[in-house]
Amino acid sequence: MKRIKGTPLSAALVLFLTGLLCVLSGKSFLSMHRPEPIFPSSHLSQVKRLSDYFAELKNSPGDTEIYIFRGEEKGGNLLVLGGTHPNEPAGMVTAVLLIETLRARRGSIFIIPRANASGFTHSDPQEGNPQRFSIPTPSGSRLFRLGSRLTNPVDQWPDPAIYINPPGQKLSGMEARNLNRCYPGRAHGNLTEKIAFGIMELIRKERLDIAIDLHESAPEYPVINAIVFHENSAELAALAVLDLQMEGFEIRLEASPSNLRGLSHREWGDNTGIKALLLETPNASHGRLKGRPSSSLIVDGRDKFYARAARFGWLFVPYGEEGIPLSQRVARHLAALGALLGSLAELEPDKTIELERMPPPAEVQKKGLGAFLHPPD
Ligand SMILES: [Zn+2]
């Protein structure tokens, strides 16, 4: 084999190309710090920030927007949280869809689309995930970031060897950056604990009645297509599941385990008495059995390896060749939200929350998300 001999010129060229590659990939990675635009509906009442409820978060990477819709009539107060885990896109996209379409008639709704804002500024290492995914609308595509399950290590470092969370549960060190293990938070704790504390302050100061944390899980994970409920919301969740089954949505009920501490559905309920619930939809893009990660895997949810795993009976959800698209996962979140509000009105009429213009779940499944999202700027 002939050896290729380097010259000072070829060395300079390789050095230049390496430098260029570093600059371009660095710029692309840093662009994850720019939040995607959200175009609120004209019925939005107010945008606040988490730091308005817990000043320690001001100018920190943990601060995030809260979109508030207040109805003309008095009723209950609801919190919807997307983006607790920024690698579970249905939660954030459902929150954005609500912000861009809603009008509250009775009661109020507080929506946080990017609960862990820091988690959206980086991606999970060694996963090969795309930094963004794109949802087509009739007048162009909307781009959204796919972040990480955890707070960016640039914002919170180092991880302890063992993390003891605020309620005293021992967890592996990196869970110190998992917002859904840090409740009820610590006012003087690490950044993720401060975000959790800020959310608790919002619940207390706005006297919220019910809070729903939107998630996704891998198809091979048993808690999936589920409503996880705190015991104070058992009746509410059971009634909602009956409604959902009549609408054709199979959703299972999972009681929040009382010995699993630090999670939203446990600590929100225990510490404030609020009705606390968490919703899970199936997302192949963060499962372990998937093929090549891509923007289309996130949006179309089609993966031949998951379809094969389903045939072997390895999954906890039906998963065919057609996959489980993001529109279907968002529709499930919307249907569950609608059913929970219907049950709340039945069980506690004075806490009724009536939302208008919420995209009908069946239409979202049929027409896709782009038919309801605001067109790109
Ligand atoms: Zn999650």
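Refer to the structure presented above.
*Asks:* For this particular structure, what's the right way to read the coordination of the zinc ion?
*Replies:* Of the protein atoms, only His-85 (ND1), Glu-88 (OE), Glu-88 (OE) and His-215 (ND1) coordinate the zinc ion, at distances of 2.1 to 2.4 Å. Coordination at the zinc ion is irregular: its four donor atoms span angles of 58 to 151° at the metal. Between consecutive donor residues of the zinc ion, the sequence gaps follow H-x2-E-x126-H. Judged by relative accessible area, which is 3%, His-85 ranks as buried. Judged by relative accessible area, which is 3%, Glu-88 ranks as buried.

*Asks:* I'm lost on the environment of Ser-118 in this one. Help?
*Replies:* Position of Ser-118 among the secondary structure elements: in the loop between strand 4 (103-112) and strand 5 (132-137). Residues Ser-118 and His-33, spaced 85 residues apart in sequence, show a C-alpha to C-alpha distance of 8.3 Å. In this view, Ser-118 contacts Pro-61, Thr-151, Asn-152, Asp-155 and Leu-191; residues no more than four positions away in its chain are not counted. Side-chain polar atoms of Ser-118 contact the backbone nitrogen of Asn-152, separated by 2.9 Å.

*Asks:* Help me understand the packing of helix 4 (residues 234-246) against helix 8 (residues 326-347) in this model?
*Replies:* Two numbers describe how helix 4 lies on helix 8: the axes approach to 8 Å, and their chain directions differ by 125°. By the angle between their axes, helix 4 is oblique relative to helix 8. Regarding helix 4 and helix 8, the two cross each other, and that crossing is right-handed. Together, Glu-235, Leu-236, Ala-237, Leu-239, Ala-240, Asp-243 and Leu-244 of helix 4 and Ala-335, Ala-336, Ala-339, Leu-340, Ser-343, Leu-344, Glu-346 and Leu-347 of helix 8 make up the contact between the two elements. Tallied by class, the residues present in the contact of helix 4 with helix 8 amount to 11 nonpolar, one polar and three charged.

*Asks:* Would you mind going over helix 2 (residues 89-101) with me for this structure?
*Replies:* In an α-helix there are 3.6 residues to a turn, and that puts residues three or four apart on one side. For helix 2, spanning 13 residues, the distance from its first C-alpha to its last is 18 Å, which sits close to the expected 18 Å at 1.5 Å a residue. Most of helix 2 sits out of view: 13 of its 13 residues are buried.

*Asks:* I would appreciate a short explanation of the packing of aromatic side chains in the present structure.
*Replies:* In this description, a pair of aromatic rings is defined by centroid distance and the angle of the planes. If you walk through the whole model with that rule in mind, you get five aromatic pairs. Ring centres 5.8 Å apart and planes at 25° place the aromatic pair Phe-133 and Phe-144 in the stacked group. Taken as a pair, Phe-133 in strand 5 and Phe-144 in strand 6 (residues 140-145) lie far apart in primary sequence, 11 residues in all. Look at Phe-133 and you get buried, because its relative accessible area is 0%. With a centroid separation of 5.6 Å and an interplanar angle of 45°, the aromatic rings of Tyr-306 and Tyr-319 are classed as tilted. Pair noted here: Tyr-306 is in helix 7 (residues 304-311) and Tyr-319 is in the loop between helix 7 and helix 8, with a separation of 13 residues, a long-range link. You can call Tyr-306 buried: its relative accessible area is 0%.

*Asks:* Please explain the pattern of salt bridges as it appears in this structure.
*Replies:* Working definition: two side chains of opposite charge can pair if their charged atoms are close together. By the definition in use, this model includes 29 salt bridges. Salt bridges sharing partners connect three or more residues here, namely Glu-72, Glu-73, Arg-103, Arg-105, Glu-354 and Glu-356.

*Asks:* Can you walk me through empty space enclosed by the protein in this structure?
*Replies:* Over the atoms a probe the size of a water molecule is rolled, and this reveals where empty space is left. According to the stated counting rule, one finds one cavity of 30 Å³ or more in the structure shown. Counted as a void, the largest cavity has a volume near 40 Å³. What lines the largest cavity is simply Asn-225, Ala-226, Ile-227, Ile-251, Leu-279, Glu-280, Thr-281, Arg-332, His-333 and Ala-336. Residue assignment for the lining of the largest cavity shows that the elements contributing at least two residues are strand 10 (226-229), strand 12 (275-282) and helix 8. In terms of residue class, the lining of the largest cavity is built from five nonpolar, three polar and two charged.

*Asks:* So what exactly am I meant to see when it comes to the layout of surface pockets here?
*Replies:* Counted as a void, the largest pocket has a volume near 830 Å³. Together, 39 residues line the largest pocket, and His-85, Glu-88, Arg-149, Arg-181 and His-286 are the ones closest to its centre. At the level of secondary structure, the elements contributing two or more residues to the lining of the largest pocket comprise strand 9 (210-217), strand 11 (252-255) and strand 12. A per-element tally of the lining of the largest pocket places strand 9 first, with three residues.

Conventions we followed
Residues numbered from 1 in each chain as written. Predicted model: local features only at pLDDT ≥ 70, side-chain atom pairs only at ≥ 80, totals over all residues. Heavy atoms only, no water. Donors = N, O, S within 2.8 Å, 3.2 Å for Na, K, Ca; no water. Tetrahedral: all angles 85-135°; square planar, octahedral: opposite > 155°, others 65-115°. Buried < 20%, exposed > 50% of the residue type's maximum accessible area, 1.4 Å probe, protein only. Helix = DSSP H or I, 4+ residues; strand = E, 2+ residues; numbered from the N terminus. Contact = heavy atoms within 4.5 Å. Polar contact = N/O pair within 3.5 Å; in protein donor to acceptor, adjacent residues only side chain to side chain. Axes fitted to C-alpha atoms, helices over the stretch in contact; angles between N-to-C directions. Parallel < 35°, antiparallel > 145°, perpendicular 65-115°, else oblique. Left-handed = near helix turned anticlockwise from the far one by under 90°. Nonpolar A, V, L, I, M, F, W, Y, C, P; charged D, E, K, R; others polar. Expected span 1.5 Å × (residues − 1). Phe/Tyr/Trp six-rings, centres within 6.5 Å; stacked < 30°, edge-to-face > 60°. Salt bridge = Lys/Arg side-chain N within 4 Å of Asp/Glu carboxyl O. 1 Å grid on protein atoms, 1.4 Å probe; cavity = no way out; pocket = protein on both sides within 12 Å on 5 of 7 lines; lining within 4 Å. Points joined across faces, edges and corners; volume = space filled by probe spheres on them.

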